[in-house]
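Residue-level listing of the chains:
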Amino acid sequence: NAGVTQTPKFQVLKTGQSMTLQCAQDMNHNSMYWYRQDPGMGLRLIYYSASEGTTDKGEVPNGYNVSRLNKREFSLRLESAAPSQTSVYFCASKGLGGSYEQYFGPGTRLTVT
Amino acid sequence: QQPVQSPQAVILREGEDAVINCSSSKALYSVHWYRQKHGEAPVFLMILLKGGEQKGHDKISASFNEKKQQSSLYLTASQLSYSGTYFCGTEKNGATNKLIFGTGTLLAVQP
């Protein structure tokens, strides 16, 4: 059981470049989430997917798009990266019903210059 | 809309106690607590559902006062392993699946 995996671990982009952050879980979880973490700001929800085929905006969706490719995979795309998107990005997943715990991946450290 | 956590940081010696508070301006359905060690992903500690219950996890317990829209995390007889940043995550209703996290409380336990 790998849990939640994220690729890449580190990435440096130039302003205006695009990239996709990949996330996969092998726990058969329905819900998946993308967060960004900045110093002093805590974790802020970008987008989430309550189940395969559905996605919803979180607190800070501007500049991002997501795809819930299947039950396992949830990707985050930056179409035109900006320095304000420099952050650590975490993906998380959660099971159904009485399962409240969100399981987080190891994170992707993104720097936009 | 982010819940407010206090204090922002606390330094303890091993064996001392600490309380971390989490307050929301909105009515809450549940409060979740996570701990994140430096350079690692957050890890779930516990959830408190509305009803004013108290929960425990080893020597870490928490309470939830839904009328005051507040939760407190109690760390008793702290150990070095308790060091990290603690986040509360709040949920307005059970149907949303969304957590809004506070800005975190940095806890450093020294020998």
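Residues numbered from 1 in each chain as written. Chains lettered and ligands numbered in written order. Predicted model: local features only at pLDDT ≥ 70, side-chain atom pairs only at ≥ 80, totals over all residues. Heavy atoms only, no water.

Honestly, the pattern of salt bridges in this entry has me stumped. Any pointers?
Any two side chains of opposite charge can pair, on the condition that their charged atoms come close. Residue and element names in this part refer to chain A. Overall, the coordinates contain three salt bridges over all chains when judged by the stated rule. Residues Arg77 and Glu79 are paired through a salt bridge, measuring 3.2 Å at the closest nitrogen-oxygen approach. According to the relative accessible area criterion, Arg77 is partly exposed, its value standing at 29%. Looking at Glu79, the relative accessible area reads 44%, which means it is partly exposed. (Salt bridge = Lys/Arg side-chain N within 4 Å of Asp/Glu carboxyl O. Buried < 20%, exposed > 50% of the residue type's maximum accessible area, 1.4 Å probe, protein only.)

In this structure, what is going on with the interface of chain A and chain B? I would like to understand it.
The extent of an interface is frequently quoted as the accessible surface area lost upon association of the parts. Facing the 21 residues of chain A at the interface are 19 residues of chain B. In total, chain A and chain B occlude about 1700 Å² of area from one another, counting both sides; carbon and sulfur atoms represent 60% of this. Broken down residue by residue, the surface that chain A buries against chain B is led by Leu43(A), Tyr100(A) and Phe104(A), which jointly contribute 32%. One can count zero salt bridges joining chain A with chain B. When residues in the side of chain A that touches chain B are grouped by element, the largest group, five residues, is from strand 5 (residues 42-49) of chain A. Each residue belonging to the side of chain A that touches chain B can be placed in one class, and the counts come to 10 nonpolar, six polar and five charged. (Contact = heavy atoms within 4.5 Å. Buried area = accessible area lost by both parts, 1.4 Å probe. Helix = DSSP H or I, 4+ residues; strand = E, 2+ residues; numbered from the N terminus. Nonpolar A, V, L, I, M, F, W, Y, C, P; charged D, E, K, R; others polar.)

Before we go on, may I ask you to explain the state of the cysteines in this structure?
What makes a disulfide is a covalent bond joining the sulfur atoms belonging to two cysteines. Here the structure, examined in full by the defined rule, presents two disulfides over all chains. The disulfide partner of Cys23(A) is Cys91(A), and the S-S distance across this bridge is 1.8 Å. When the S-S torsion is -70°, as for the bridge of Cys23(A) with Cys91(A), the disulfide is left-handed. One end of the pair, Cys23(A), is in strand 3 (residues 19-25); the other, Cys91(A), is in strand 9 (residues 87-94), and 68 residues separate them in sequence. In this structure, Cys23(A) and Cys91(A) share a single accessibility class: buried. A disulfide bridge connects Cys22(B) with Cys88(B), and the sulfur atoms are separated by 2.1 Å. Its S-S torsion of about 75° marks the bond between Cys22(B) and Cys88(B) as right-handed, since a negative value means left-handed. Note that Cys22(B) is positioned in strand 3 (residues 18-23) and Cys88(B) in strand 9 (residues 84-91), a separation of 66 residues in sequence. (Disulfide = S-S within 2.5 Å.)

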